[in-house]
Amino acid sequence: FSEQMLEKVLKELQPLCTAEQEFIEKFFLLNQDAADLEVLKVSMRTLSFPEPTTRLLSQIFSSLEPELRSFLDVCNKVHPFSCLQVLVTLNDSVFEMWSSSSSFPSSFLNTVLGNILLLAKSSFNKCIGTLCKEIEEVKVSSKVRGGILPFVIRFEEFVNFSEEVFRAAQRRGELDKALVRLAGSIFSSINSLSSANLKTNTDMIMMENFHHIHCFLCQKKIDCLEGKKREAKQRYSQHLEKYVIKYLGQPLEKLNNFFEGVKARVAQGVKEEEVSFHLAYSKQELRKVIEKYSGKEVKRALETLYRKIHKDLSPEENLLPVVWHAMEQVFIRQYREFEDLIQRCYAGSGISMDFTMEDLLSYFNSITLSN
């Protein structure tokens, strides 16, 4: 409603000021003859009117600028984001006034609207600054269980609202700068979670929120946020990998620890064929570890892992299939690495794991289908 009122006021102001200006020019004999009129029209686009005209208009419309300033104050109190609508209305009005070829605008009115436009831009920047500060200083509760963080949702609400307001705007430079600034604050706040003392898995929360932002920006297709969209995808992938790695060794923890030790010995310079002569990594010790992981035990451990992931992830993002598939791919690589180490460091021992690659694939498939 406020922007409609402002637009109506501005449309009525221009002809009123122009008519009053023309009267003053004629009445005080400040008008030019027909031959000079075109020259005057051109000059008025870049130069001020003769001082007497401007001074008289300022006296006649002395209350105009204070009233417009008061109107903007009221708008800001009615809605925290009304400054966006006011900015668009003023920007478009001034732009249309100067681009009009039918008549030259009043220098007095231009000065007044220019001052009000600066005030509107100041209010807009203040609004964005306040929003950024709120986002950057937010304290995420240590009891948070996951899902999309409130300040991410607030960012989406602002983007949706601002894009609707600026949808038909002739200029959107201020908005683009503001969106990039806000996105930077959002990313900074999500990154700060890594040092927060949260009870739930931090990488999971960061993964879900960056994924959510990436999907949102893909949908909105805002040019100035293309860089942030790519960054969100990169950060989502990074935290997905970290989340998977965190739980990677749990179903095969002792087996994983054993082979990490084998790799460490080889990295230290021990020959592969001599690793088994080290007491902690002997053939007997390897057999003891492998015996703990029968196919039945591995499947049970994977089922427990699936339930844990399901509990961690929020249903809104529907990332469970993605995470589970990533977990499967990493487990397959891990299994192949174990087999390769057995072949290289325990060649001819006849030792092998109790379950095969086909078994592992069937475990994942069975768990996926049963859930």
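Residues numbered from 1 in each chain as written. Predicted model: local features only at pLDDT ≥ 70, side-chain atom pairs only at ≥ 80, totals over all residues. Heavy atoms only, no water.

Some details on the overall build of the protein chain
Then, number 1: Within the protein chain, the regular secondary structure consists of 15 helices and 0 strands.
Then, number 2: Relative to its full complement of 371 residues, the protein chain shows a buried share of 44%.
Then, number 3: For the protein chain, the proportion of contacts with a sequence separation of at least 24, taken over those separated by at least 6, is 79%.
Then, number 4: A total accessible area of about 20400 Å² is found for the protein chain, and carbon and sulfur atoms account for 52% of it. (Helix = DSSP H or I, 4+ residues; strand = E, 2+ residues; numbered from the N terminus. Buried < 20%, exposed > 50% of the residue type's maximum accessible area, 1.4 Å probe, protein only. Contact = heavy atoms within 4.5 Å. Areas by Shrake-Rupley, 256 points an atom, 1.4 Å probe, with all protein chains shown as cover.)

Concerning the pattern of salt bridges
Then, number 1: All told, the structure shown has 15 salt bridges when counted by the stated rule.
Then, number 2: Among the salt bridges present, the one from E163 reaches R172, with a minimum N-O distance of 2.8 Å.
Then, number 3: Connected via shared salt-bridge partners are E163, R172 and D176. (Salt bridge = Lys/Arg side-chain N within 4 Å of Asp/Glu carboxyl O.)

Focus on the environment of H239
Then, number 1: Residue position: H239 is located in helix α10 (residues 226-248).
Then, number 2: You can call H239 buried: its relative accessible area is 3%.
Then, number 3: Through-space distance from the C-alpha of H239 to that of F210 is 8.9 Å; in sequence the pair is 29 residues apart.
Then, number 4: Excluding anything up to four places from it in sequence, H239 contacts D203, M206, M207 and F210.
Then, number 5: A distance of 2.8 Å separates polar atoms of two side chains, one belonging to H239 and the other to D203. (Polar contact = N/O pair within 3.5 Å; in protein donor to acceptor, adjacent residues only side chain to side chain.)

Section: helix α15 (residues 357-370)
Then, number 1: Between its first and last C-alpha atoms α15 spans 20 Å; for 14 residues at 1.5 Å apiece the expected length is 20 Å, and the two agree.
Then, number 2: Every buried residue of α15 is accounted for by M357, L360, Y363, F364 and I367. Along the long axis of α15, the arc covered by the buried residues comes to 125 degrees, so they all point the same way. Among the exposed residues of α15, those oriented more than 90 degrees off its buried face are E358, L369 and S370.
Then, number 3: Along its buried surface, α15 packs onto α13 (295-312) and α14 (320-345). (Expected span 1.5 Å × (residues − 1). Arc of directions from axis to C-beta.)

Some details on helix α7 (residues 150-165)
Then, number 1: Between the first and last C-alpha of α7 there are 23 Å, a value that for 16 residues agrees with the 22 Å anticipated at 1.5 Å per step.
Then, number 2: Inspection of α7 places F151, V152, F155, E156, F158, V159, S162, E163 and V165 among the buried residues, and these make up the whole buried set.

What about unusual backbone geometry?
Then, number 1: Even without being glycine, K221 reaches a positive phi, approximately 55 degrees.
Then, number 2: Position of K221 relative to the elements: it lies in the loop between α9 (202-220) and α10.
Then, number 3: Phi angles above zero are rare outside glycine, and N318 is one such case at about 55 degrees.
Then, number 4: Within the secondary structure layout, N318 lies in the loop between α13 and α14.
Then, number 5: Taking the relative accessible area as the measure of exposure, N318 reaches 55% and is therefore exposed.

What about the state of the cysteines?
Then, number 1: Evaluated as defined, the whole model comprises 0 disulfides.
Then, number 2: Cysteine C83 is unpaired, with the sulfur of C127 as its nearest cysteine sulfur at 4.0 Å. (Disulfide = S-S within 2.5 Å.)

Some thoughts on the layout of surface pockets
Then, number 1: By volume, the largest pocket is sized at about 370 Å³.
Then, number 2: Along its surface, the largest pocket is lined by 14 residues, and E7, V88, T89, D92 and S93 are the ones closest to its centre.
Then, number 3: Top contributing element to the lining of the largest pocket by residue count: helix α5 (residues 82-99), with 7 residues.
Then, number 4: Of the residues assigned to the lining of the largest pocket, the class counts are 4 nonpolar, 5 polar and 5 charged. (1 Å grid on protein atoms, 1.4 Å probe; cavity = no way out; pocket = protein on both sides within 12 Å on 5 of 7 lines; lining within 4 Å. Points joined across faces, edges and corners; volume = space filled by probe spheres on them. Nonpolar A, V, L, I, M, F, W, Y, C, P; charged D, E, K, R; others polar.)

Remarks on a positive patch on the surface
Then, number 1: The grouping of K143, R145, K199 and K311 at the surface amounts to a positive patch.
Then, number 2: Mapping R145 onto the fold places it in the loop between α6 (107-136) and α7. (Patch = residues over 30% accessible without salt bridge, like charges linked within 9 Å, V, L, I, M, F, W, Y side chains within 5 Å. Lys, Arg positive; Asp, Glu negative; His and termini not counted. Charge placed at Lys NZ, Arg CZ, Asp CG, Glu CD.)

Topic: the side chain of E317
Then, number 1: Relative to the helices and strands, E317 is located in the loop between α13 and α14.
Then, number 2: Among buried charged residues, E317 stands out as having no salt bridge; its nearest opposite-charge side chain is K233, 14 Å away.
Then, number 3: Within polar-contact distance, the side chain of E317 engages the side chain of H211 at 2.9 Å.
Then, number 4: In contact with E317, not counting residues within four places along its chain, are I148, E208, H211 and H212.

Side note on the confidence of the model for the protein chain
Then, number 1: Scored by pLDDT, the protein chain has a mean of 84; 90% of the residues are at 70 or more.
Then, number 2: Element-level pLDDT for the protein chain is lowest in helix α2 (residues 34-44), with a mean of 45, against a maximum mean of 94 in helix α8 (residues 173-191).
Then, number 3: This model gives residues 33-50 a pLDDT under 50, and the stretch forms 17 contacts once residues within four places in sequence are excluded.
Then, number 4: Long-range and interchain partners of residues 101-105, a stretch whose pLDDT sits below 50, account for 10 contacts in this model, where long-range means more than four residues apart. (pLDDT = per-residue confidence, 0-100.)

What to know about the packing of aromatic side chains
Describing an aromatic ring pair means giving the distance of the ring centres and the angle of the ring planes.
Then, number 1: Summed over the entire model, instances satisfying the criterion amount to 10 aromatic pairs.
Then, number 2: Considering the side-chain rings of F187 and F210, the 5.3 Å spacing of their centres and the 70 degrees angle between planes classify their relative orientation as edge-to-face. Of the two residues, F187 is situated in helix α8 and F210 in helix α9; the sequence distance between them amounts to 23 residues. For the pair shown, F187 and F210 are each scored as buried.
Then, number 3: Put simply, the rings of F258, F259, Y281 and F338 pair up and form one aromatic cluster. (Phe/Tyr/Trp six-rings, centres within 6.5 Å; stacked < 30°, edge-to-face > 60°.)

With respect to the packing of α13 against α15
Then, number 1: At their nearest, the axes of α13 and α15 sit 10 Å apart, and the two run at 40 degrees to each other. Between α13 and α15, the angle falls in the class oblique. For the crossing formed where α13 meets α15, the hand is right-handed. Between α13 and α15, the contacting residues are G295, K296, V298, K299, L302, E303 and Y306 on the first element and L360, Y363, F364, S366 and I367 on the second.
Then, number 2: Across the contact of α13 with α15, the residue classes tally to 7 nonpolar, 2 polar and 3 charged. (Axes fitted to C-alpha atoms, helices over the stretch in contact; angles between N-to-C directions. Parallel < 35°, antiparallel > 145°, perpendicular 65-115°, else oblique. Left-handed = near helix turned anticlockwise from the far one by under 90°.)

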